[in-house]
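# Close look at the chain arrangement
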Amino acid sequence: MHGFALPDLRDHRRREALQGFPLLRGCPTTEAIKLVLYIDGLGEADRLAFADDLSSLEERLVAQPPASNAEIHDVIRGFPLVAGFLGPRMAMVAPPRRGLDLRVTPVKLLSTMLKDAAAGAPGGLADLSDDPAARGPAAVVAATLDEVVPVEPRRLRRILDDTMGRAFGATGTRVDKETVRYDAALPAGSVRVDVTFAAPGRLLHQFDYRYSATFQGRPKIWMSAYESVWRLASRWDCVTQLNAERSVAHLASLVAACIDLT
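In short, a report on the structure. (Residues numbered from 1 in each chain as written. Predicted model: local features only at pLDDT ≥ 70, side-chain atom pairs only at ≥ 80, totals over all residues. Heavy atoms only, no water.)

### Quick notes on the overall build of the chain
Going by this rule: Secondary structure elements are taken from DSSP: a helix is a run of H or I of four residues or more, a strand is a run of E of two residues or more, and numbering for both begins at the N terminus. As a reference, a globule follows 2.2 Å times the number of residues to the power 0.38, and the radius of gyration itself is taken over C-alpha atoms. Each residue is assigned to one of three classes by its accessible area relative to the maximum for its type, calculated with a 1.4 Å probe on protein chains only: buried under 20%, partly exposed between the two thresholds, exposed over 50%. Here a residue-residue contact requires only that any non-hydrogen atoms of the pair lie within 4.5 Å. Using a 1.4 Å probe, accessible areas were evaluated by the Shrake-Rupley method; residue-level cover was limited to the displayed protein chains. His is not counted here, nor are the chain ends, while Lys and Arg score as positive and Asp and Glu score as negative. Charge placement uses NZ in Lys and CZ in Arg. For Asp and Glu, CG and CD serve respectively.
Each helix and strand counted, the chain has nine helices and six strands in total. Rg of the C-alpha trace for the chain: 19 Å, near the compact-globule value of 18 Å for 262 residues, within the 12% margin. For the C-alpha atoms alone, the extent of the chain along its principal axes is close to 60 × 45 × 35 Å. The proportion of buried residues among the 262 residues of the chain is 47%. Long-range pairs, those at least 24 residues apart, make up 64% of the contacts in the chain with a sequence separation of at least 6. If you sum the accessible surface of the chain, you get close to 13,000 Å²; carbon and sulfur atoms cover 53% of it. The averaged location of the 32 negative side-chain charges in the chain is 4 Å from the averaged location of its 32 positive side-chain charges.

### Some remarks on the packing of aromatic side chains
What counts here: In this analysis, rings of Phe, Tyr and Trp, with Trp reduced to its six-membered ring, are considered paired at centre separations within 6.5 Å, and the interplanar angle assigns stacked below 30 degrees, edge-to-face beyond 60, and tilted for intermediate values.
The final tally for this structure, using the stated rule, is seven aromatic pairs. Ring geometry for Tyr209 and Trp236: centres 6.5 Å apart, planes at 80°, overall edge-to-face. Note that Tyr209 is positioned in strand 4 (residues 207-215) and Trp236 in strand 6 (residues 235-236), a separation of 27 residues in sequence. Accessibility classification places Tyr209 together with Trp236 in one group, the buried group. Taken together, the aromatic side chains of Phe197, Phe207, Tyr209 and Trp236 make up a single cluster linked through ring pairs.

### Details of the pattern of salt bridges
In plain terms, the rule: Salt bridge, as used here: a side-chain nitrogen of Lys or Arg that lies within 4 Å of a carboxyl oxygen of Asp or Glu.
Applying the stated criterion to the full structure yields 15 salt bridges. One salt bridge in this structure joins Asp183 and Arg192, with 2.7 Å as the shortest N-O distance. Through salt bridges with shared partners, a single network forms among Arg10, Arg14, Asp52 and Glu59.

### Focus: helix 4 (residues 44-63)
The following threshold applies: A helix is expected to span 1.5 Å multiplied by its residue count minus one.
In this model helix 4 runs 29 Å from its N-terminal to its C-terminal C-alpha over 20 residues, within 8% of the 28 Å that 1.5 Å per residue would give. Those residues of helix 4 hidden inside the fold are in contact with helix 1 (6-18), helix 3 (30-40), helix 5 (69-77) and helix 6 (80-89).

### Some remarks on helix 3
Across the 11 residues of helix 3, eight count as buried, placing the element largely inside the fold. Inspection of helix 3 places Thr30, Glu31, Ala32, Ile33, Leu35, Val36, Tyr38 and Ile39 among the buried residues, and these make up the whole buried set. Tucked inside the fold, the buried residues of helix 3 contact helix 2 (22-25), helix 4 and helix 6.

### With respect to unusual backbone geometry
Phi at Met223 is positive, roughly 50°, even though this residue is not glycine. Here Met223 lies in strand 5 (residues 221-224). Phi is positive for Arg231, which is not a glycine, with a value near 60°. Its place among the elements puts Arg231 in the loop between strand 5 and strand 6. Judged by relative accessible area, which is 30%, Arg231 ranks as partly exposed.

### Some points on the side chain of Glu227
Inclusion rule: Distance and chemistry together define a polar contact, namely a pair of N or O atoms within 3.5 Å, with one atom able to donate a hydrogen and the other to accept it when in protein, and with adjacent residues in sequence counting only for side-chain atoms on both sides.
The residue Glu227 is located in the loop between strand 5 and strand 6 in this model. One buried charge, Glu227, has no salt-bridge partner; the nearest side chain with opposite charge is Arg210, at 7.2 Å. Within the local environment of Glu227, its side chain forms a polar contact with the side chain of Tyr209, the two groups lying 2.5 Å apart. A polar contact of 3.0 Å, which involves the side chain of Glu227, links it to the side chain of Trp236.

### What about the state of the cysteines?
Just so we agree on the cut-off: Working definition: a disulfide is two cysteine sulfur atoms within 2.5 Å of each other.
Scanning the entire structure with this criterion turns up zero disulfides. With no disulfide of its own, Cys258 has Cys27 as its nearest cysteine by sulfur position, at a separation of 10 Å.

### Topic: the environment of Arg77
Locating Arg77 in the fold gives a position in helix 5. Between the C-alpha atom of Arg77 and that of Asp260, which follows or precedes it by 183 residues, the distance is 31 Å.

### What about the environment of Glu44?
In this structure, Glu44 sits in helix 4. By relative accessible area, which is 68% here, Glu44 ends up exposed. Along the primary structure Glu44 and Asp183 are separated by 139 residues, whereas in three dimensions their C-alpha atoms are 40 Å apart.

### Comments concerning the nonpolar core
Selection criterion: Residue types Ala, Val, Leu, Ile, Met, Phe, Trp, Tyr and Cys, when buried and joined through side-chain atoms within 4.5 Å, form a set referred to as a nonpolar core.
In this structure, Phe50, Tyr211 and Trp230 are the most contacted members of the largest nonpolar core, which totals 64 residues. Looking at this core element by element, the count peaks at 10 residues for helix 9 (residues 244-261). Look past the residues within four positions of Trp230 in its chain and what remains in contact with it is Arg13, Glu16, Phe21, Leu24, Leu35, Phe50, Ala51 and Leu54. Core analysis: the next-biggest nonpolar cluster, separate from the first, contains 14 residues, Leu102, Val104, Met113 and Val148 among them.

Shown next as structure tokens:
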């Protein structure tokens, strides 16, 4: 679990649902985009119900911990709106067969596919979805396919250093070849954000992050992330040259949301 208090999570999810899920919509990740697409396919009342049902599901899992994966699946099936999203992800049901959806294709992979298609290589974009909306990038990623250029790792690191410094007074410390740690001292305690970059040559994600915090009078949060509020992974894979500053600024907003939940 994420470590955030269940009543605080319920309140946060409801606020986000009533406002149209702005924090989710700002995430340039295929994880968040998939959930936003699912939510947008629901009716207005069901969007709020989804947020409430997710909270009720987690409260049930904590109050009556299942003894097996099968029991977890049975509990989830009791919340059909949540099961509609989690079911295919957790192999509870077979995922529907659809063509390639460019909205939920990581930018490093999509950029390679576009280059191959331009060069006349077979395969790649041949299995495009019939849905016109799926034949272009998600709005949070790019306006056109021409903008699908992954951010350079060195530039991404520089933007992260600058943004974390401005937002939280944090200084980055290299933990190892891939991980940078940002520590920030706040009036009520301390916050740590570990950012781990993908190794060179990886075609899917660009980095993931983990949030930890120690605040006076509050339970310690260890290696969590805002995405855990929605049962998503905090793996970022849609940061481009053009959206990089906006994306990292949004990451700072997610860290601020985690602080509010701590």
